[in-house]
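Coordinate analysis (summary)
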Amino acid sequence: MDAINDFISSLLPYTEWPMFILLIGGGLFLAFYSKFAPFRHFGHAIAVVSGKYDDKNAKGDVSSFQALSAAVAATVGLGNISGVAIAIHDGGPGVVFWIWMTALLGMGIKFYSGSLAIMYRGTDSDGHMQGGPMFYITKGMGKWARPMAVFFSICGLFGFLGVFTANQFTEAFMGVVQPHETLLATSEYNWKLGIGFFLAIITSIVIFGGLTKIAKVASAIVPFMVGIYLLAVIFVMASHAGEVWPALKMILVEAWNFDTAVTGGFWGLVIVGVRRAMFSNEAGLGSAPMYHGQSRNDEPAKEGLVAMLGPFIDTILVCTFTAVVIILSGAYLEDGSGITMTMSAFETTLYGIGDILLMVIVAAFALSTLFTYSYYGVKSLSFLTNAKIGKWYNVFFIIMIVFAAIASLKLVKNLIDLSYALMVIPNMIAVLYLSPKVNAASKQYFEKRKKGGS
């Protein structure tokens, strides 16, 4: 495992600047190019998600709300609870500001990629409707761009593994329950292996049921679990009201700390923020369009507005609340990283039972993420081969859950960081290349709305 980690770590620096330029530079370009249309129509986006403008005759397998729930289930999870803690551990409180900036630009990116998911849909070898980067790259850009779609799909085979989630759930369980002391006296390794097998079995039951079952499970769990988590965090902030503003102030001040101890100095701090924001909301990654391409919706701009809400929910809201609790509790000054740091923050601020409450929330987050993430990998392998072979990705996905339970946080974090950075490159090139098509479709849609259409 150390040898694998060293190899991945040696490749990571080469991906930082392409990822940074495409995400931040591309995000800024799209914000101005769209004349901030996604942000100006934020209220309409919420109305669309509520089902007010659903078209029952439109093509697709799931509603816009189910597509958003499934996409948010894959992003609102341990990336928001332990990902933020990793960011603060690696870059200090100031990194949260750069997570915000990336998320705001990510909303614009998601608007464009969500629109493209509807605009360039295809069918797999089973005749089911599909969407996502591989389809808007090949259908929108032409056959010459197919190698980009293949490259994206190959990276997706690794990027869409549930390794980070399985790893952090295992750490949380071991930290709170301490089963080797309280339940059965065996080694930590054996317990981690057992947890890995348990997660693998539970996940198998759901993911072999297909997309409709995944969408139903996710749309039932996600709003509930996000609600409980936000209530817990708001309670902590209310009971420590005097410390909320100093925590936010620290984020704003430290964001511009040019003497930071982070590797790479100030730019290193910004890179950490961009990486963790992308890990949190997956804007620019190209994963969410795979779900949004399934929506019962024939209006690209309408689905783009739905997709745009993802980064707002999971980064602007959930990540911010998590960060404030970590900072005001003082947990960011401790040695732990990832879920351990967040657990410590909750235990300190919620009268000693916060870590148990968080354990329950983490269990729901982890399972919903594992249920939804395998779908992306199946679509990647299906594109490279065919739909029948694509389903075998689930077997690889399940095996890797067990591997992740016993692996180090550093290894799984580096594996995902590398895969994500590589996936951003073809996806963002395609989104920028096809952005004029989205502008034309959204102009038509917003003009129709002005005249009273939906």
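Okay, so let's go over this structure.

Cut-offs applied
Residues numbered from 1 in each chain as written. Predicted model: local features only at pLDDT ≥ 70, side-chain atom pairs only at ≥ 80, totals over all residues. Heavy atoms only, no water. Helix = DSSP H or I, 4+ residues; strand = E, 2+ residues; numbered from the N terminus. Contact = heavy atoms within 4.5 Å. Buried < 20%, exposed > 50% of the residue type's maximum accessible area, 1.4 Å probe, protein only. Patch = residues over 30% accessible without salt bridge, like charges linked within 9 Å, V, L, I, M, F, W, Y side chains within 5 Å. Areas by Shrake-Rupley, 256 points an atom, 1.4 Å probe, with all protein chains shown as cover. Salt bridge = Lys/Arg side-chain N within 4 Å of Asp/Glu carboxyl O. Expected span 1.5 Å × (residues − 1).

1. A closer look at the side chain of N439
- By the element assignment, N439 lies in helix α22 (residues 409-450).
- With near-sequence residues (within four places) excluded, N439 lies in contact with Y33, S34 and Y112.

2. Observations regarding the environment of G284
- Tracing the chain through its elements places G284 in the loop between α15 (265-281) and α16 (288-292).
- Its relative accessible area of 2% is what places G284 among the buried residues.
- Residues G284 and V176, spaced 108 residues apart in sequence, show a C-alpha to C-alpha distance of 35 Å.

3. Here we look at a nonpolar patch on the surface
- A cluster of nonpolar side chains, contributed by F208, I389, W392, V395 and I399, occupies part of the molecular surface with about 530 Å² of accessible area.
- With respect to the secondary-structure elements, V395 resides in helix α21 (residues 393-406).

4. Let's talk about helix α2 (residues 13-33)
- In a regular helix each residue adds 1.5 Å, so 21 residues correspond to 30 Å; α2 covers 30 Å between its end C-alpha atoms and thus fits that length.
- Three or more residues of α2 are buried, namely T15, M19, F20, L22, L23, I24, G26, G27, L30 and A31.
- Those residues of α2 that are buried lie in contact with α1 (2-11), α7 (95-119), α15 and α22.
- One or two residues past the end of α2 sits K35, with phi positive at roughly 55°.

Without other data, these values stay purely geometric and don't point to any function.
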